[in-house]
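Summary of structural features
Listed below, chain by chain, are the residues.
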Amino acid sequence: MSVYGYIRVSTKDQNEDRQLLSLSEFNIPKNCLFIDKCSGKDFKRPSYKRMIRKLQFGDLVLIKSIDRLGRNYEEIIEQWRIITKEKGADIKVLDMPLLDTTYGKDLLGTFIADLVLQIMSFTAQLERDNIRQRQREGIEAAKLRGVQFGRPPIQIPEEFYPLKVQYKMGDISLRKAAKVLNISHSTFSKWVSQDNHL
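This structure is a prediction, so every number in the text was calculated from the model and none was measured.

A word on the pattern of salt bridges
For the coordinates displayed, the defined rule picks out six salt bridges. Note that R81 is salt-bridged to E86, the shortest N-O span being 2.9 Å. Bridged by salt links that share partners, the residues E78, R81 and E86 form one connected network.

Below, the structure written as structure tokens:
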């Protein structure tokens with residue numbers, strides 16, 4: 001039986017020391033420790049995939065927390081199934097002792113671990129959804145208060161108006177007029193369409 005440790009941090013700037021410290025007491029060989037640094041957006045996990053390929057029946061996977069397995073409820077459940085059912089390996093989640101398939105290998109023990117996993121994964125997903133909902137509501141409330149998001153629009157300078165007349169008369173090209181104002185030609189074009197003085 002081999003013991004593997006898996007660590008995932010969301011960005012290259014995040015430090016994996018906290019997870020390493022939790023796994024250190026198990027004396028996992030260096031070649032059995034797999035670390036991924038990936039965002040939740042693309043979620044490419046080369047180290048995780050290598051670990052899954054190496055897993056044999058009866059091996060043990062140690063992780064600090066359940067959300068290291070996936071980025072959402074469905075993915076966590078799927079990875080749990082692959083490790084425990086397809087590979088026949090065990091999982092021990094260090095910050096949730098009930099999520100330990102080495103404990104109580106009988107039918108009841110397996111049922112309890114699977115049930116706790118379902119509840120924990122669902123709760124984690126619900127919390128992420130709630131955070132996103134609160135962010136959306138916060139942004140909407142801020143917009144109603146007049147808070148501006150993104151770069152403020154460039155104010156149209158007085159020099160624009162005579163250049164606009166020249167452009168409309170065909171005396172200057174759009175690109176040349178934009179260059180005089182040191183703006184992009186698309187900005188100049190937008191200003192022309194927005195301004196109805198001429």
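Here the narrative resumes, following the displayed structure.
Description of unusual backbone geometry
Generally, phi is negative for residues other than glycine and the peptide bonds are trans, each holding for most cases. For N27, which is not glycine, the phi dihedral falls at a positive 50°. Taking the relative accessible area as the measure of exposure, N27 reaches 68% and is therefore exposed. Look at N182: it is not a glycine, yet its phi comes out positive at around 60°. Structurally, the position occupied by N182 is in the loop between α6 (174-181) and α7 (185-194).

Some words on a positive patch on the surface
A cluster of basic side chains, namely K44, K49, R50 and R53, defines a positive patch on the protein surface. Positionally, R50 belongs in helix α2 (residues 46-54).

Structural notes on the sheet that holds strand β2 (residues 33-37)
The parallel open sheet is built from four strands, whose spatial order is β2-β1-β3-β4. Edge positions in the sheet fall to β2 and β4 (90-93), since each of these pairs with one other strand and no more. Each strand of the sheet is rotated relative to its neighbour by a mean of 20°, with strand direction disregarded. Relative to the sheet, helix α1 (residues 17-24) contacts β1 (3-9), β2 and β3 (60-63), its axis offset from that of β1 by approximately 165°. α2 contacts β1, β2 and β3 of the sheet and is inclined by roughly 150° relative to β2.

Conventions used here
- Residues numbered from 1 in each chain as written.
- Predicted model: local features only at pLDDT ≥ 70, side-chain atom pairs only at ≥ 80, totals over all residues.
- Heavy atoms only, no water.
- Salt bridge = Lys/Arg side-chain N within 4 Å of Asp/Glu carboxyl O.
- Buried < 20%, exposed > 50% of the residue type's maximum accessible area, 1.4 Å probe, protein only.
- Helix = DSSP H or I, 4+ residues; strand = E, 2+ residues; numbered from the N terminus.
- Patch = residues over 30% accessible without salt bridge, like charges linked within 9 Å, V, L, I, M, F, W, Y side chains within 5 Å.
- Areas by Shrake-Rupley, 256 points an atom, 1.4 Å probe, with all protein chains shown as cover.
- Lys, Arg positive; Asp, Glu negative; His and termini not counted.
- Charge placed at Lys NZ, Arg CZ, Asp CG, Glu CD.
- Pairing = 2+ DSSP bridges.
- Axes fitted to C-alpha atoms, helices over the stretch in contact; angles between N-to-C directions.
- Contact = heavy atoms within 4.5 Å.

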